[in-house]
Each structure stands twice: as C-alpha cells, then as structure tokens.
Amino acid sequence: MENESTSTYDGATGITTTAVSFHQIDFLARSIARKLKNDKITHVIGLARGGLIPATIISYKLYVPLLSYGISSYDFSSEAGEFEINQSIDFNDLKNVIDPHVLVVDDICDTGDTMHCICDKISLAGIKAKYATLYTKKKHRKFLDHYGVVVPDSTWIEFPWE
C-alpha cells in the first residue's frame, strides 16, 4: 500500500532498511510547515538532492521562495567532513531581504555532517536560520529545530526518489 512504509532486516549487517512513501513525505513536510507558520521564515533552502521535495512542499505551505543548495557528503570522498558542493548560494545576497530568516530542509540527518556544514556557512553570513529534516538519528535531535521522525542508528531510510 502506498501510504505505508516497508522494512527489511539484514541479519549480517544489523541494518534495517525502511522504504517510505511519498504520502509519508508529504505528511511530514506539511507537519513541519504547520509548526513554522508563525516564524517569519523568508526563504526555504532545500539541500539537494533529498531535501528538495520536502523543501518544495514546505515553501508552498509557507508562501516563501525556495532556494536550492547542492551538497553531498556521501560517495564522493573517503575523507570525513569533505563535501561536494555543486550548487551554492551567496548567503550575503540574502542580507538584501529585511530581517532574513531561512529554513534549511533535508530528507534525513544521518551523520549530521551536511547540516553542520551548511550551518557554519549560514552562521558566517550572519543569517538567522532554523534546521529541519523529515527523519533524524537520535543523536541529532538537539541540533535540529524541527524533525518528523527519530530513527535508530541501525536504520537506513529508502526514499521513493532513490
């Protein structure tokens, strides 16, 4: 059924893979948007690729522009903390907006590296920001302002666009 997630467990690795549906993505994104409706967000930044769909939903619900930031910490480097940035934002340009306040959205906060990297860049520009993901590992809950579901470290989320 399209509204339900399915899970499989790999006994050899101890990893549970959970496939989530577009319906679940939509529900979680709209729930986050409802929580932020009074926060005076001026822009939503979707982290490409996984954060773009939830960020689009949230930007529509908040009636604010959507920006895209292409960053990845998976599969491109064996070095921890190294990223491939293929689409950036000049955060200083956002200072042209009166009292800029961005919401950064990703699909999951797994290692936390991507969110911390973008947080550092936004902080350097002096822009107010909030951070939200649909799914997060327990250890990142305090860093995020909003999240949909906490998943165990032994869970891998498979999104419908993967």
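Just above, that's the structure.
Quick caveat: nothing in here was measured; it's all calculated off a predicted structure.

A. Representation of the overall build of the protein chain. Regarding its fold elements, the protein chain presents 3 helices and 9 strands. Along the protein chain, helices (α) and strands (β) appear in the sequence β-β-α-β-α-β-β-β-α-β-β-β when read from the amino end. A compact globule built from 162 residues should have a C-alpha radius of gyration of about 15 Å, and the protein chain, at 16 Å, falls within 12% of that. Viewed in the frame of its principal axes, the protein chain has a C-alpha envelope of about 55 × 35 × 25 Å. The 162 residues of the protein chain split such that 44% are buried. Contacts in the protein chain between residues far apart in sequence, at least 24 positions, make up 58% of those at least 6 positions apart. Carbon together with sulfur atoms contributes 50% to the accessible area of the protein chain, which is approximately 9,100 Å² in total. Charged side chains of the protein chain number 16 positive and 21 negative; the gap between the two group centres comes to 11 Å.

B. A look at unusual backbone geometry. Residue Arg 49 follows Ala 48 across a cis peptide bond; omega there is 10 degrees. Considering the arrangement of structural elements, one finds Arg 49 in the loop between β3 (43-48) and α2 (52-62). At Tyr 63, a position not held by glycine, the phi torsion is positive, near 60 degrees. One can find Tyr 63 in the loop between α2 and β4 (66-72).

C. The nonpolar core, seen in detail. Within the largest apolar cluster, 23 residues are counted, with the highest numbers of intra-cluster contacts made by Val 44, Ile 58, Leu 62, Leu 103 and Tyr 135. At the level of secondary structure, the elements contributing two or more residues to this core comprise α1 (22-36), α2, β6 (101-109) and β7 (128-137). With 6 residues, the top contributor of residues to this core is α1. Ile 45, Ile 89, Phe 91 and Tyr 131 belong to the second-largest nonpolar core, a separate cluster that totals 19 residues.

D. The packing of aromatic side chains, seen in detail. Applying the stated criterion across every chain yields a total of 4 aromatic pairs. Considering the side-chain rings of Phe 159 and Trp 161, the 5.2 Å spacing of their centres and the 10 degrees angle between planes classify their relative orientation as stacked. Looking at Phe 159, the relative accessible area reads 3%, which means it is buried. The partly exposed category is assigned to Trp 161, whose relative accessible area is 26%. Among the aromatic residues, those joined into a ring-pair cluster are Phe 22, Tyr 135, Phe 159 and Trp 161.

E. Structural detail: the pattern of salt bridges. What the rule picks out here adds up to 4 salt bridges. Asp 26 is the partner of Arg 30 in a salt bridge, and the nearest nitrogen-oxygen pair spans 2.9 Å. Here Arg 30 pairs with Asp 26, and both are found in helix α1, just 4 residues apart, close to one helical turn. Taking the relative accessible area as the measure of exposure, Asp 26 reaches 26% and is therefore partly exposed. With its nearest N and O atoms 2.7 Å apart, the salt bridge here joins Lys 130 to Asp 39. Residue Lys 130 is found in strand β7, and its partner Asp 39 is found in the loop between α1 and β3; the two are separated by 91 residues along the sequence.

Cut-offs and rules
- Residues numbered from 1 in each chain as written.
- Predicted model: local features only at pLDDT ≥ 70, side-chain atom pairs only at ≥ 80, totals over all residues.
- Heavy atoms only, no water.
- Helix = DSSP H or I, 4+ residues; strand = E, 2+ residues; numbered from the N terminus.
- Rg over C-alpha atoms; globule rule 2.2 N^0.38 Å.
- Buried < 20%, exposed > 50% of the residue type's maximum accessible area, 1.4 Å probe, protein only.
- Contact = heavy atoms within 4.5 Å.
- Areas by Shrake-Rupley, 256 points an atom, 1.4 Å probe, with all protein chains shown as cover.
- Lys, Arg positive; Asp, Glu negative; His and termini not counted.
- Charge placed at Lys NZ, Arg CZ, Asp CG, Glu CD.
- Core = buried A, V, L, I, M, F, W, Y, C linked by side-chain atoms within 4.5 Å.
- Phe/Tyr/Trp six-rings, centres within 6.5 Å; stacked < 30°, edge-to-face > 60°.
- Salt bridge = Lys/Arg side-chain N within 4 Å of Asp/Glu carboxyl O.

Structural measurements only, silent on function.
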